[in-house]
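Spelled out, the chains give:
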Amino acid sequence: MFIAFPLLRPKLVGFALCGAMSLGSAALGQSGNFELELNAAVDGPDGCQLTYVASNNTGVALTKASYEVAVFDAEGMVSSLFVFEFGELPLNKTRVVLFSLPELKCEAISRMLVNRQDECESADGPQDICIKALNTSSRIATIPFGL
C-alpha cells in the first residue's frame, strides 16, 4: 500500500498537504462531539484539493485520527475510497487539513461520506469516539459530506 505525505493514506491513490491552525474556544469544548467540516474544494494541478476543518470537542485528546471516505461520481457510483489522516487532534483544538485527490476534478464529485473510522487513538490506546461522536457538514453546496 502506498502511503502519501503525510496525511492521506489512499486505498487507491492519493496525496496530501497539511496545514494546522488553532482556533479553540471555551464554547467548542462544551459540545462533546467531533466536528468534521468539508470547508472548500478547489481544482489544483494535481486534482481536487479539499480543505477540512476538524474540531475535537470530545473530552479525549487524540494522538491519531483517520477516516475512510467514499467519493461518489456524477452518476452516484463510488469512484474511490481514501483514508484521510488528520493526525494528532488535541482536545478543544481545531485543525485545518488539506487533501489532494489526484487526477480527480472537483466537479466530478457528487458527494462524499465517511464510510468508517480507520484509526482513533489517545494516549490510553484505541478509542471509538471518533465515529460515535462524529458530526459532519459541508460548506460546498455541490459536494454534500456526511455519514
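Everything below is about the structure shown above.
Residues numbered from 1 in each chain as written. Predicted model: local features only at pLDDT ≥ 70, side-chain atom pairs only at ≥ 80, totals over all residues. Heavy atoms only, no water.

Participant: Explanation requested: the pairing of strand S8 (residues 111-122) in the structure shown.
Facilitator: On a regular strand, each side chain points to the face opposite its neighbour's, so the side chains alternate between the two faces of the sheet. Two strands pair when backbone bridges link them, and strand S5 (residues 62-72) and S8 are joined in this way by ten bridges, in the antiparallel orientation. Within the sheet, the bridge partner assigned to Ser 66 lies in S8 and is Glu 119. Strand direction decides the pairing type here: S8 and strand S11 (residues 145-146), joined by two bridges, are parallel. Within the sheet, the bridge partner assigned to Met 112 lies in S11 and is Phe 145. In terms of strand pairing, S8 meets strand S9 (residues 125-126) through two bridges, oriented antiparallel. By the bridge assignment for S9, Glu 121 is matched with Pro 126. Here S8 folds back onto S9 in antiparallel fashion, the turn holding two residues. (Pairing = 2+ DSSP bridges. Helix = DSSP H or I, 4+ residues; strand = E, 2+ residues; numbered from the N terminus.)

Participant: Would you mind showing me how to read unusual backbone geometry here?
Facilitator: A negative phi angle is the norm for most residues apart from glycine, just as the trans form is the norm for most peptide bonds. Not every positive phi belongs to a glycine, and Asn 92 is a case in point at roughly 60°. In this structure, Asn 92 sits in the loop between strand S6 (78-85) and strand S7 (93-102). On the basis of relative accessible area, Asn 92 is assigned to the partly exposed category, the value being 26%. Non-glycine residue Glu 103 carries a positive phi angle of around 60°. In this structure, Glu 103 sits in the loop between S7 and S8. Judged by relative accessible area, which is 82%, Glu 103 ranks as exposed. (Buried < 20%, exposed > 50% of the residue type's maximum accessible area, 1.4 Å probe, protein only.)

Participant: Can you walk me through the pattern of salt bridges in this structure?
Facilitator: A side chain with one charge can pair with a side chain of the opposite charge if their charged atoms come near. Taken as a whole, this structure holds five salt bridges when the rule is applied. Among the salt bridges present, the one from Arg 116 reaches Glu 68, with a minimum N-O distance of 3.6 Å. One end of the pair, Arg 116, is in strand S8; the other, Glu 68, is in strand S5, and 48 residues separate them in sequence. Overall, Arg 116 belongs to the partly exposed group, its relative accessible area being 32%. Close ionic contact of Lys 132 with Asp 128 constitutes a salt bridge, the shortest N to O distance being 2.9 Å. Here Lys 132 falls in the exposed class, since its relative accessible area comes to 66%. Residue class for Asp 128 comes out partly exposed when judged on its relative accessible area of 39%. In the salt-bridge network here, residues are joined through shared partners; they are Glu 68, Arg 116 and Asp 118. (Salt bridge = Lys/Arg side-chain N within 4 Å of Asp/Glu carboxyl O.)

Participant: Looking at this structure, I do not really get the state of the cysteines. What am I missing?
Facilitator: Among covalent bonds in proteins, the disulfide is the one between the sulfur atoms of two cysteines. Scanning the model with the defined rule gives two disulfides in all. Covalently, Cys 120 is tied to Cys 130 through a disulfide, its sulfur atoms 2.0 Å apart. For the disulfide bridge between Cys 120 and Cys 130, the dihedral angle about the S-S bond is near 75°, and by the sign convention the bridge is right-handed. Taken together, the positions of Cys 120 in strand S8 and Cys 130 in helix H1 (residues 129-132) put the pair ten residues apart, joining distant regions of the chain. Summarising the burial analysis for this pair, Cys 120 and Cys 130 share the class buried. (Disulfide = S-S within 2.5 Å.)

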